[in-house]
Amino acid sequence: MPLSHADDITFLRRSLAVAAEARAAGNHPFGAVLVDDKGHVLIEAGNEYLHQKGPGHAESIVAREAAMLYEPEVLAQCTLYSAFEPCAMCAGTIYWAGIGAVVFGMTERRLAEMTGANPENLTMDLPCRVVFEAGQRRTELRGPVPELEAEIAASHEGFW
């Protein structure tokens, strides 16, 4: 049974909690959560800017770990949750890991409005949908989730 919209909200909020932990540790305020088709959290990770710099995005960290731990048949049934739309790098990593679905709360374009030209987060104007559509394997995409936009934006207040 596919996860519901209420489940999506719950796991997006979990990604915000993971992001808050990353921020408290001195990293950028981003988090990602991988959930199986039964609603069990398999992996979660926050941004690792302090150790990995620009490539230390939470979504890529989760996708790489998932590819090492789970078989393709399992990952095809999983959903990766992130408060923000995965960037092109993360979308590519999610695709190559074979994760079947992605749910995000706010677009990359909206993130760019919030962060401006901050050299630690030079966003790309390339929607993840474009990256996923270029692949031979289907990646289901759900987002943005407008009812969470204010909550997500608040998680970045005072950071950039």
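Further up the page is the structure itself.
Residues numbered from 1 in each chain as written. Predicted model: local features only at pLDDT ≥ 70, side-chain atom pairs only at ≥ 80, totals over all residues. Heavy atoms only, no water.

**Observations regarding the sheet that holds strand S3 (residues 79–84)**
Selection criterion: The rule for pairing is simple: two strands pair if DSSP sees at least two bridges between them. Think of it this way: any DSSP run of H or I at least four residues long counts as a helix, any run of E at least two long counts as a strand, and we number them from the N terminus. Axes here mean lines fitted to C-alpha atoms, for a helix over just the part in contact, with angles spanning 0 to 180 degrees between N-to-C directions.
Judged by pairing direction, the sheet is mixed, and its five strands sit side by side in the order S2-S1-S3-S4-S5 without closing on themselves. The open sheet terminates on both sides in strands that have one partner only, identified here as strand S2 (41–46) and strand S5 (140–142). Along the sheet, successive strands turn relative to each other by an average axial angle of 15°, direction set aside. Here strand S1 (residues 31–35) runs beside S2; their pairing, made up of five bridges, is antiparallel. Residue pairing for S2: Gly-31 is matched across the bridge by Gly-46.

**Topic: the state of the cysteines**
To keep it simple, the criterion reads: The term disulfide is used for any two cysteine sulfur atoms that are within 2.5 Å. For each residue, the accessible area found with a 1.4 Å probe, counting protein chains only, is set against the maximum for its type, and the residue is called buried under 20%, exposed over 50%, and partly exposed in between.
Taken as a whole, this structure holds zero disulfides when the rule is applied. Of all cysteine sulfurs in the structure, the one in Cys-90 sits closest to Cys-78, which takes part in no disulfide; the separation is 17 Å. Residue classification places Cys-78 among the buried positions, given a relative accessible area of 1%. Looking at Cys-90, it has no disulfide partner, and the nearest cysteine sulfur is the one in Cys-87, 3.7 Å off.

**Examining the packing of helix H3 (residues 58–69) against helix H5 (residues 88–97)**
We count it as follows: In this scheme, roughly parallel covers angles under 35 degrees and roughly antiparallel covers those over 145, while 65 to 115 is roughly perpendicular and the rest are oblique. Helix crossings fall into two classes, left-handed where the near helix is turned counterclockwise from the far one by less than a right angle and right-handed where it is turned clockwise. Contacts were defined at the residue level, with two residues in contact if any of their heavy atoms lie within 4.5 Å. Under the scheme applied here, ten amino acids are nonpolar (Ala, Val, Leu, Ile, Met, Phe, Trp, Tyr, Cys and Pro), four are charged (Asp, Glu, Lys and Arg), and all others, including Gly, are polar.
Two numbers describe how H3 lies on H5: the axes approach to 8 Å, and their chain directions differ by 15°. By the criterion of interaxial angle, the relationship of H3 to H5 is roughly parallel. Handedness of the crossing formed by H3 with H5: left-handed. Touching Glu-59, Ser-60, Ala-63, Arg-64 and Ala-67 of H3 are Met-89, Cys-90, Thr-93, Ile-94 and Ala-97, all from H5. Residues of the contact of H3 with H5, tallied by class, amount to six nonpolar, two polar and two charged.

**Considerations on unusual backbone geometry**
Backbone torsion omega between Gly-143 and Pro-144 reads 0°, so that peptide bond is classified as cis. With respect to the helices and strands, Pro-144 occurs in the loop between S5 and helix H8 (149–154).

**With respect to the packing of aromatic side chains**
Heads up, the condition is: Aromatic pairs are defined between Phe, Tyr and Trp rings, using the six-membered ring for Trp, whenever the two ring centres lie within 6.5 Å; interplanar angles under 30 degrees are classed as stacked, those over 60 as edge-to-face, and all others as tilted.
Per the counting criterion, the structure on display carries five aromatic pairs. Arranged with centres 5.3 Å apart and planes meeting at 85°, the rings of Tyr-95 and Trp-96 form a pair that is edge-to-face. For the pair Phe-159 and Trp-160, a centre-to-centre distance of 4.7 Å together with 80° between the ring planes defines the contact as edge-to-face. The class for Trp-160 is partly exposed, based on a relative accessible area of 26%. An aromatic cluster of at least three residues, connected via ring pairs, comprises Phe-30, Phe-84, Phe-159 and Trp-160.

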